[in-house]
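Residue-level structure breakdown
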Amino acid sequence: MAFEALDRVTVAQISALGMPVQDAEKFHSDLTQIILQYGNATPETWKNISKKLLTPNMPFMLHQMMYYGCYNYSGFSTPPAWIPDLECAKLTNIGQILERRGKEFLGSQYKDPVSSFSDFQEFSVSNPEVYWKMVLAEIGISFLVPPSCILSELTDEGDLMSHPGGHWLPEAVLNSAGNCLSLSNRRNLDDAAIIWRDEGDDISPVNRMTLGELQTKVYLVANALDTLGLVKGSAIAIDMPMNVKAVTIYLAIVLAGYVVVSIADSFAPLEISTRLRITNAKAIFTQDFIIRGDKHLPLYSRVADAEAPMAIVIPTRVSSLTINLRAGDITWHAFLESVKNSKDKGYTAVQLPVQSFTNILFSSGTTGEPKAIPWTHATPLKAAADAWAHMDIHKGDVIAWPTNLGWMMGPWLVYAALLNGASMALFDGSPLGSGFAKFVQDAKVTMLGVVPSIVRSWKSSNCTAGFDWSNIRCFSSSGEASSVDEYLWLMGRAQYKPVIEYCGGTEIGGGFVSGSMLQPQALAAFSTPAMGCALWILGNDGKPLPQHASGIGELALDPVIFGASTTLLNADHYDVYFRGMPVWNGKVLRRHGDEFERTSRGYYRAHGRADDTMNLGGIKVSSIEIERICNQVDDAVLETAAIGLPPLGGGPEQLVIAVVLKNSEYSGGNIDHLKMAFNASLQKKLNPLFKVSRIVILPSLPRTASNKIMRRILRQQFMQVRKDPKL
């Protein structure tokens, strides 16, 4: 996008964007003073323009004019959109640690939290014993039995095969949910633990639940769980929107020594059934309906169609159920009645070895069946530590992130907030409208998590207009690739607070690459490997590029990652993540599968999947899962190949289906009909959020000598012609 250099911008050009002439003259005068002081095209120029001149109610084209005008002529390949202030950086969690102990950690090379952040990140990788002991103490994690050390050495070949990343917190015994509810110097009983609002209730004040009140509700549910007669360690599923009851149930299951099975509330019966079967779940919590605006979307009926085990069914915002239940299912009221006399009773957390499972989540692979990934009691500590280090979450913060317990960011939010003494802000409704924007204002959210598709919707509808988001200290973004323009717009809603890009995976329990409040942040880019993580970009020869060199290739991770998975329920963990990967410095690297670029200025950019898995709207899904459904839609279809294609300008992947037909005579109208049929079938059988962007008819699909479809070749071919407006 081309704009004039800042010193060539005129009052008339500013006014032409929709600003009154008098305001345009004042803006131009102030801009001239900033240029005289800081230059025409420097990071300091943009820092002062964004902080002192631009406001959310100004035309977005003016924001673009200033940002691109500042950097288009400066030679910045990854221009910073936010620059940390040193004095503010010293007040962050890491800043305070470095001010106290920087010379202890880094010696005489320590300068200040901003200048020395990258050195400290490298220190966290090379000194895991020191770094993680410090972080766990800062967060205030309590162990019934403390670990004998932080990380034990690998001792034999069997260890190398089963735990290439080593053994973390050996001999430790704790309960991660118990730590969320316990008192510490970070929280007391009167602190707000959850702030929430139901969609449509915009006029009323936000609801607040203190830590003491949350304790009482969690203890009640934990006591009721014990009346079900399940063996400790049994799997119990949750298929609900992420509301107060869902969080209460989640914490109670973990507190009582059971294992949560996370199921997204958008899943079709087949997907629900698959997850229940893999985990051998003994019960499931669900709701009768999901309310979105004036729509009542059925949820319990999908659970019933999935032939789920005993369901505990919660009425949605009404006092009693209005639907009939299957034999053996019970109401929420009846479930709690079993312990009606224990409302004032406490509950002693079930303390377990750190490697015990707390939660089974799912991530799509390339086999057609989702990978069942167990979280242990160490995984929540990784989530909380990432939030502490990268989003600077601490006591008094209010964190909102529209998500669901079926995806890793749901449990991540629970632990990131509660273990750091912050409040989680939950909106029971669609995050796409003005109701959510007002909730962010009224709840005084300080960290707002997003996925790019939500931001795109906000920008398109302008539903955030008129709401005060000035309490936000930072945004964070995860789930899919973001777009520069959309995130420039997002930053402008909160007086240019930074977006902390955050990329990881369900099997990581958090991130491996991120942003930081102590580094300049560029739009749609990551500024650092996550604390405690080292990552590598593989060259064409399959070997890692030099760690600080620029380049592009498949991403690989150092296997030593705190909280990362060590097993899968339905696949061989070593085969999935390590087999065939290069050995570097004596360690076999961990497979991730994304293609990444490291720029000449040290930023990282994601370029989508390098394998046959794609990311649609923040949901990872294998090509095979999609193709299995599309191949059965129409008798005219011989075979299909599903490709995730990033759009021009960046952003989330779009779903393109390459189709080989049995009969080459197929009209354009029929192709449109086929596209509609693909969408209907995918949304019914896989996920209602999936949408086919385009169908491409091919005479055949490229294949390897062993007859495997070469989807990467198709992706490259489609990207070469993506300037075609039809694509």
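We now turn to the structure provided with this report. (Residues numbered from 1 in each chain as written. Predicted model: local features only at pLDDT ≥ 70, side-chain atom pairs only at ≥ 80, totals over all residues. Heavy atoms only, no water.)

**A word on the overall build of the protein chain**
Helix and strand content of the protein chain: 24 helices and 35 strands. The C-alpha atoms of the protein chain give 26 Å as radius of gyration, which agrees with the globular expectation for 727 residues (27 Å, within 12%). Dimensions of the protein chain, computed from C-alpha atoms along their principal axes, come out at roughly 75 × 75 × 60 Å. Within the span of the protein chain, comprising 727 residues, buried residues form 57% of the whole. For the protein chain, the proportion of contacts with a sequence separation of at least 24, taken over those separated by at least 6, is 68%. Total accessible area on the protein chain is roughly 28,600 Å²; 52% of this is exposed by carbon and sulfur atoms. Measuring between centres, the 64 positive side-chain charges of the protein chain sit 1 Å from its 69 negative side-chain charges. (Helix = DSSP H or I, 4+ residues; strand = E, 2+ residues; numbered from the N terminus. Rg over C-alpha atoms; globule rule 2.2 N^0.38 Å. Buried < 20%, exposed > 50% of the residue type's maximum accessible area, 1.4 Å probe, protein only. Contact = heavy atoms within 4.5 Å. Areas by Shrake-Rupley, 256 points an atom, 1.4 Å probe, with all protein chains shown as cover. Lys, Arg positive; Asp, Glu negative; His and termini not counted. Charge placed at Lys NZ, Arg CZ, Asp CG, Glu CD.)

**Quick look at the nonpolar core**
The biggest cluster of nonpolar side chains holds 103 residues, and the ones touching the most others in it are Phe120, Leu251, Phe285 and Trp412. Looking at which element gives the most residues to this core, the answer is helix α12 (residues 244-255), with ten residues. Excluding its chain neighbours within four sequence positions, the residues that come into contact with Phe120 are Ile94, Ile97, Leu98, Phe105, Leu106, Tyr131, Met134 and Met531. Ile35, Ile195, Val440 and Ile454 belong to the second-largest nonpolar core, a separate cluster that totals 56 residues. (Core = buried A, V, L, I, M, F, W, Y, C linked by side-chain atoms within 4.5 Å.)

**Digging into the environment of Asn40**
Position of Asn40 among the secondary structure elements: in the loop between α2 (21-38) and α3 (43-52). Among the residues examined, Asn40 registers a relative accessible area of 22% and is labelled partly exposed. Once you skip the residues sitting within four places of it in the chain, Asn40 turns out to touch Ala5, Leu6, Asp7, Ile35, Thr45 and Cys70. Side-chain polar atoms of Asn40 contact the backbone nitrogen of Asp7, separated by 2.9 Å. (Polar contact = N/O pair within 3.5 Å; in protein donor to acceptor, adjacent residues only side chain to side chain.)

**Some words on the pairing of strand β11 (residues 295-298)**
Sheet topology places strand β10 (residues 289-292) next to β11; four bridges connect them, and they run antiparallel. The partner of Ile290 across the bridge, within β11, is Leu297. Joining the antiparallel neighbours β10 and β11 is a turn of two residues, in which Gly293 adopts a positive phi near 65°. (Pairing = 2+ DSSP bridges.)

**Focus: unusual backbone geometry**
The residue Glu307 is not glycine, and still its phi comes out positive at about 55°. On the basis of relative accessible area, Glu307 is assigned to the exposed category, the value being 70%. One non-glycine residue, Asn462, adopts positive backbone phi at about 55°. Using a relative accessible area of 41% as the deciding quantity, one classes Asn462 as partly exposed.

**Concerning the environment of Asp112**
By the element assignment, Asp112 lies in the loop between α6 (93-106) and α7 (117-126). Distance in space between the C-alpha atoms of Asp112 and Tyr487 is 29 Å, their sequence separation being 375 residues. Within the structure, Asp112 has its side chain in polar contact with the backbone nitrogen of Ser115 (distance 2.7 Å).

**Quick notes on the environment of Lys459**
With respect to the secondary-structure elements, Lys459 resides in helix α19 (residues 452-461). Spatially, the C-alpha atoms of Lys459 and Tyr574 are 43 Å apart, while their sequence positions differ by 115 residues. Discounting residues that sit within four places of it in the chain, Lys459 has contacts with Phe60, Asp485, Glu486 and Trp489.

**Observations regarding the packing of α6 against helix α8 (residues 128-139)**
It is at 13 Å that the axes of α6 and α8 come closest, and there the two elements cross at 160°. Regarding the angle of α6 to α8, the classification is roughly antiparallel. Crossing of α6 against α8: the hand is right-handed. Contacts between α6 and α8 involve Ile97, Arg100, Arg101 and Phe105 from the former and Val130, Met134 and Glu138 from the latter. (Axes fitted to C-alpha atoms, helices over the stretch in contact; angles between N-to-C directions. Parallel < 35°, antiparallel > 145°, perpendicular 65-115°, else oblique. Left-handed = near helix turned anticlockwise from the far one by under 90°.)

**Observations regarding the sheet that holds strand β33 (residues 637-645)**
The strand order across the open sheet built from three strands is β33-β34-β35, with neighbouring strands paired in mixed fashion. At either end of the open sheet lies a strand with only one pairing partner, and these are β33 and β35 (692-697). The sheet shows a mean angle of 25° between the axes of neighbouring strands, taken without regard to direction. Pairing of β33 with strand β34 (residues 654-661) involves eight bridges; the strand directions are antiparallel. Bridge assignment links Glu639 to a residue of β34, and that residue is Val660. Against the sheet, helix α22 (residues 623-630) contacts β33 and β34, and its axis sits at roughly 145° relative to β33.

**Here's the deal with the pattern of salt bridges**
All told, the structure shown has 18 salt bridges when counted by the stated rule. The closest approach of N and O atoms between Glu4 and Arg8, which form a salt bridge, is 3.4 Å. With relative accessibility at 56%, the residue Arg8 sits in the exposed group. Its salt-bridge partner being Glu486, residue Arg456 comes within 3.0 Å of it at the nearest N-O pair. Placement of the pair is Arg456 in helix α19 and Glu486 in helix α20 (residues 484-492), with a sequence separation of 30 residues. (Salt bridge = Lys/Arg side-chain N within 4 Å of Asp/Glu carboxyl O.)

**Digging into helix α18 (residues 434-442)**
Among the residues of α18, Gly435, Phe436, Ala437, Phe439, Val440 and Asp442 are the ones counted as buried. Among the structural elements, β5 (192-198), β18 (423-428), β19 (447-450) and α19 are those in contact with the buried residues of α18. Lys444 lies just past α18 and shows a positive phi near 55°.

**Considering the sheet that holds strand β15 (residues 357-363)**
Reading across the sheet, the seven strands line up as β13-β12-β9-β7-β8-β15-β16 and stay open at both edges, with mixed pairing between neighbours. Only two strands of the sheet have a single neighbouring strand rather than two, namely β13 (330-331) and β16 (371-376). In terms of strand pairing, strand β7 (residues 235-239) meets strand β8 (residues 259-262) through four bridges, oriented parallel. Across the sheet, residue Ile238 finds its bridge partner in β8, namely Ser262.

**Structural notes on the side chain of Glu501**
Inspection of the secondary structure assignment puts Glu501 in strand β21 (residues 499-505). At 7.5 Å, Arg605 is the nearest oppositely charged side chain to Glu501, a buried residue that forms no salt bridge. Polar contacts involving the side chain of Glu501 include one to the side chain of Ser482, which spans 2.6 Å. Ignoring anything within four residues of it in the chain, the contact list for Glu501 reads Ser477, Ser482, Tyr487, Val513, Ser514, Gly515, Ala524, Ala525 and Phe526.

**Regarding the packing of aromatic side chains**
Both the distance between ring centres and the angle between the ring planes are used here to describe each pair of aromatic rings. Taken as a whole and judged by the stated rule, the model has 29 aromatic pairs. With a centroid separation of 6.4 Å and 50° between ring planes, the pair formed by Phe436 and Phe439 is classed as tilted. Here Phe439 and Phe436 lie together in helix α18, a separation of three residues that amounts to about one turn. Three or more aromatic residues link up through ring pairs in this structure, and these residues are Phe105, Phe120, Phe123, Tyr131, Trp132, Trp168 and Phe562. A cation sits over an aromatic face here: Arg275 above Phe362, 5.1 Å from the ring centre. Here Arg590 stacks its cationic end above the ring of Tyr577, 4.6 Å away from the centre of that ring. (Phe/Tyr/Trp six-rings, centres within 6.5 Å; stacked < 30°, edge-to-face > 60°. Lys NZ or Arg CZ within 6 Å of the ring centre and 35° of its normal.)

Take it as geometry only, folks, not as evidence of what the structure does.
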